[in-house]
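A look at the structure
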Amino acid sequence: MPWAERDAAAHVAVPTAVSDKYSRGVLGVVTGSSAYPGAAVLGVEAAARTGIGMIRYLGDATEPVLARRPEVVSAPGRVQAWLIGSGTDSQDLGLLAALFSDALASAEPVIADAGALESVALAPRRGVIVTPHFRELARMLAAGGTRVDVADIAADPGRWAVRAANRLGVTVLLKGATTWIAEPDGPQLSVSIAPPWTATAGAGDVLGGILGALLATNAATAVEPGMPARLAASAAVIHGLAASIASRGGPITALDIAERVPDAVRRLLSSESG
Ligand SMILES: NC(=O)C1=CN([C@@H]2O[C@H](COP(=O)(O)OP(=O)(O)OC[C@H]3O[C@@H](n4cnc5c(N)ncnc54)[C@H](OP(=O)(O)O)[C@@H]3O)[C@@H](O)[C@H]2O)[C@@H](O)CC1
Ligand SMILES: Nc1ncnc2c1ncn2[C@@H]1O[C@H](COP(=O)(O)OP(=O)(O)O)[C@@H](O)[C@H]1O
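Please read these numbers as outputs of a predicted model, since none were measured by experiment. (Residues numbered from 1 in each chain as written. Chains lettered and ligands numbered in written order. Predicted model: local features only at pLDDT ≥ 70, side-chain atom pairs only at ≥ 80, totals over all residues. Heavy atoms only, no water.)

1. Focus on the pairing of strand β3 (residues 81–84)
If a strand is regular, its side chains alternate between the two faces of the sheet. Burial of the side chains of β3 extends over both faces: A81 and L83 are buried on one face and W82 and I84 on the other. In this structure, strand β1 (residues 26–30) lies alongside β3, joined through 4 bridges in parallel fashion. Looking at the pairing, V29 lines up with L83 of β3. Relative to strand β4 (residues 110–112), β3 is paired through 3 bridges, and the arrangement is parallel. Bridge pairing in β4 places I84 opposite A112. The parallel pair β3 and β4 is bridged by helix α5 (residues 96–105), and the resulting crossover is right-handed. (Buried < 20%, exposed > 50% of the residue type's maximum accessible area, 1.4 Å probe, protein only. Helix = DSSP H or I, 4+ residues; strand = E, 2+ residues; numbered from the N terminus. Pairing = 2+ DSSP bridges. Right-handed = clockwise from strand over helix to strand, strands pointing away.)

Laid out in structure tokens, this is it:
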């Protein structure tokens, strides 16, 4: 089922007069590495611009993240959701492996990307959303014993998203020109609003940050049946809309998308109230 702007608008948590930074939601972030520090900067930038109470950044790229976003806290503490894995390599995790395991063993919802995908294959649970592209999904399925060519996934991504969700037991957001979302025994959703200019390095890291903010700010309902898929699809709508606003028919960078996220959220909220 296509997920539309009005559907996404209903999943933006708008602060009220009684909100504070903790009641709005805190996102714990374990992303980035010495090889890929930029992925951490992009995800944190996108989460901050989606609207969130606070971000705790606990990965290996604290310096560039704080240089871009001094609002970010690098002290450990309580969080309402986790974003793990963007900009990391599953073969070279070092101390990050323990942080991934802790997040996956916690009760909070988790978004797992890139280098954290294989950790999920070993410890799947409800409340986990994985955000692979086609190659990453093929690798995840292979780790679980299902061999599939990337070309087969590309030929029928919607079906593979559903199959993977059921086989892996987690919500799958499969990235591409159309983004497919499937929850085990739950909704199957799709979003196709991003312009092809979105196919640029780091755009997926930005999507992870947007989804992280939506999970943390909807923490009370985020793991109810159907909600992981709806929140994931809403993040894809905000991402695609921000990319369209940034692009206006021309080229964009991943950071351009993150910077236009407030405009995308504003547009969703104004269309909902109008
Ligand atoms: N700014 C940042 O910090 C960013 C960080 N990022 C982070 O990078 C990490 C890895 O993510 P990824 O998606 O690249 O990983 P993956 O699926 O293993 O792809 C490898 C495949 O690509 C192919 N390939 C490579 N070069 C190619 C070429 N020129 N032309 C054609 N093919 C080429 C290569 O093929 P091969 O060379 O082996 O034939 C192989 O199959 C991940 O942690 C992510 O978060 C990104 O988000 C970007 C921004
Ligand atoms: N042809 C396309 N048209 C629209 N969006 C695309 C297209 N190709 C990729 N995307 C989007 O761009 C992002 C790419 O993410 P990803 O593959 O993880 O790249 P990276 O790892 O460099 O961030 C995803 O959100 C995906 O849905």
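2. A word on α5
Three or four residues apart is the spacing at which side chains of an α-helix point the same way, because the helix has 3.6 residues per turn. Along α5, the positions that sit buried rather than exposed are L96, F100, A103 and L104. Projected down its long axis, α5 shows its buried positions confined to an angular sector of 95 degrees, all on one face. Seen from the open side of α5, the exposed residues pointing more than 90 degrees away from its buried face are D102 and A105. Close packing links the buried residues of α5 with β1, β3, β4, α6 (117–122) and β5 (128–130). (Arc of directions from axis to C-beta. Contact = heavy atoms within 4.5 Å.)

3. Notes on the sheet that holds strand β8 (residues 188–191)
Ordered in space as β2-β1-β3-β4-β5-β6-β7-β8, the 8 strands form an open sheet in which the pairing is mixed. Since the sheet does not close on itself, it has two edges, and those belong to β2 (54–57) and β8, each with one partner. Along the sheet, successive strands turn relative to each other by an average axial angle of 20 degrees, direction set aside. Against the sheet, helix α3 (residues 37–50) makes contact with β1 and β2, and its axis sits at roughly 165 degrees relative to β2, the strand it touches most. (Axes fitted to C-alpha atoms, helices over the stretch in contact; angles between N-to-C directions.)

4. Focus on the site of ligand 2
Looking at ligand 2, there are 16 residues lining it, with K175, G176, G202, G204 and H239 nearest. Contact between ligand 2 and G176: an oxygen atom at 2.9 Å from a main-chain N or O atom of the residue. T179 is positioned with one of its side-chain polar atoms (N or O) 3.3 Å from an oxygen atom of ligand 2. Expressed as a share of its isolated accessible area of 580 Å², the protein-covered part of ligand 2 is 77%. Among the detected pockets, ligand 2 sits in the largest pocket. By residue number, the principal contributor to the shell around ligand 2 is helix α10 (residues 203–217), which donates 3 residues. (Near = heavy atom within 4 Å. Polar contact = N/O pair within 3.5 Å; in protein donor to acceptor, adjacent residues only side chain to side chain. Areas by Shrake-Rupley, 256 points an atom, 1.4 Å probe, with all protein chains shown as cover. 1 Å grid on protein atoms, 1.4 Å probe; cavity = no way out; pocket = protein on both sides within 12 Å on 5 of 7 lines; lining within 4 Å. Sits in = over half its atoms within 2 Å of the grid points.)

5. Focus: the packing of aromatic side chains
Here the structure, examined in full by the defined rule, presents 0 aromatic pairs. Here the guanidinium or amino end of R163 rests over the ring plane of W160, the centre of that ring lying 4.6 Å away. (Phe/Tyr/Trp six-rings, centres within 6.5 Å; stacked < 30°, edge-to-face > 60°. Lys NZ or Arg CZ within 6 Å of the ring centre and 35° of its normal.)

6. What to know about the packing of α3 against α10
It is at 7 Å that the axes of α3 and α10 come closest, and there the two elements cross at 40 degrees. Judged by the angle between their axes, α3 and α10 are oblique. By crossing handedness, the relation of α3 to α10 is classed as right-handed. Note on element contacts: α10 touches α3 through D205, V206, G209, I210, A213 and L214, opposite A39, L42, G43, A46, A47 and T50. Looking at the contact of α3 with α10, its residues break down into 8 nonpolar, 3 polar and 1 charged. (Parallel < 35°, antiparallel > 145°, perpendicular 65-115°, else oblique. Left-handed = near helix turned anticlockwise from the far one by under 90°. Nonpolar A, V, L, I, M, F, W, Y, C, P; charged D, E, K, R; others polar.)

7. Re the site of ligand 1
Taken together, the neighbourhood of ligand 1 is formed by 13 residues, with A39, G87, H133, R135 and D205 sitting nearest. Contact distances for ligand 1 include 3.0 Å between an oxygen atom and a side-chain N or O atom of R135. Between ligand 1 and the protein, one listed contact pairs an oxygen atom with a side-chain N or O atom of D205 at 2.8 Å. Here ligand 1, which alone exposes 940 Å², has 42% of that area covered by the protein.

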